[in-house]
Amino acid sequence: MLPGGRDRVRIESLLRYPDWLLKLRYKWFARFWEAERGWEYKKYSVVFQGRDILEIGSGLGYDGIKYSASATSYTYAELNLVQVDFLKRITAIYNRTNMGFEYMEDPTAHVFPKQYSGFYAHGVLHHVPFDLAKQEFENIDKYLAPGAYCVFLMYPKERWVAAGSPDFSAFGNSTDGGCPWTEYYDLEKMQQLVGSKYKLVDVSKWGHQSIEFVNYEFVKVV
Ligand SMILES: C[S@@+](CC[C@H](N)C(=O)[O-])C[C@H]1O[C@@H](n2cnc3c(N)ncnc32)[C@H](O)[C@@H]1O
């Protein structure tokens, strides 16, 4: 199940729809993201233009549908095969021909087929314990070329404090209803995650009361 606007949707049932109906429902769900993420779509469509982008934790692929229109190539990497099937189906319906798809059985050791010049993890790495997220990014780092532009959406510390500073095993309940693990990321922790090869270029706090989300943007310098 994945969030799609205010609804929750079972992917297996979406996959049974004919193309025309699937596209109709997908566009309906996408309206919610357009409203919430419009500023990101404007900014990152330009930033990712002409780059080979790797996105981990692509969900239903809404963001990649936008960014693949200007990127040279766009690769979705997910943990669930059914999501990969969905991503293949929806991008074919949108006639995207520059897509890659990676099913990661072990995200800390996955072998990617090429080097990338951009990276996008939107609401993903904060859902696993820090040590695991670090191992996953250390593996991804092997596939990011110098100059790679990297965007991470995380939850800011202020959101965790506003929730009463809960244990990370409980924080997910307030952020993503039933999610078993959510951590906050302040700048210090974020820099620890990516390491010294990555230079911070921008930080944007946004969403409800500007404490709902934080986007950290880095460039790989070596
Ligand atoms: C909250 S959803 C975010 C989806 C999408 N990026 C968005 O912004 O709407 C998290 C997604 O990340 C995937 N995921 C969770 N943990 C992951 C990990 N450690 N590495 C890669 N993907 C992960 C899940 O399967 C899910 O599709």
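Owing to the predicted nature of the structure, the values given are computational and were not obtained by experimental measurement.

About the cut-offs
- Residues numbered from 1 in each chain as written.
- Predicted model: local features only at pLDDT ≥ 70, side-chain atom pairs only at ≥ 80, totals over all residues.
- Helix = DSSP H or I, 4+ residues; strand = E, 2+ residues; numbered from the N terminus.
- Buried ≥ 20, exposed ≤ 12 C-beta atoms within 10 Å, placed from the backbone.
- Contact = placed C-beta atoms within 7 Å.
- Pairing = 2+ DSSP bridges.
- Right-handed = clockwise from strand over helix to strand, strands pointing away.
- Axes fitted to C-alpha atoms, helices over the stretch in contact; angles between N-to-C directions.

A. Inspection of the environment of P156 at higher detail. Locating P156 in the fold gives a position in the loop between β7 (144-154) and α6 (157-162). Judged by C-beta crowding, with 22 C-beta atoms within 10 Å, P156 ranks as buried. Between the C-alpha atoms of P156 and N215, which are 59 residues apart in sequence, the distance is 9.0 Å. Setting aside residues up to four positions removed in sequence, P156 forms contacts with Y184, K205, I211 and V214.

B. Fine view of the pairing of strand β5 (residues 99-103). With five bridges connecting them, strand β4 (residues 73-78) and β5 associate as parallel partners. From the neighbouring strand, Y76 faces β5, where its bridge partner is F101. Note that the unit made of β4, helix α4 (residues 81-93) and β5 has a crossover that is right-handed.

C. Spatial organisation of the sheet that holds β7. Here we have seven strands laid out as an open sheet, ordered β5-β4-β3-β6-β7-β9-β8, and mixed in their pairing. Edge positions in the sheet fall to β5 and β8 (198-206), since each has one partner strand and no second. The sheet shows a mean angle of 15° between the axes of neighbouring strands, direction not considered. Sheet analysis places strand β3 (residues 52-56) next to β4, joined by five bridges and oriented parallel. Across the sheet, the residue bridging to D52 is S73, located in β4. Its contacts with the sheet place α4 against β4 and β5, and it is angled at close to 170° to β5. Sheet contacts for helix α8 (residues 187-194): β7, β8 and β9 (213-220); angle to β8, the most-contacted strand, approximately 140°.

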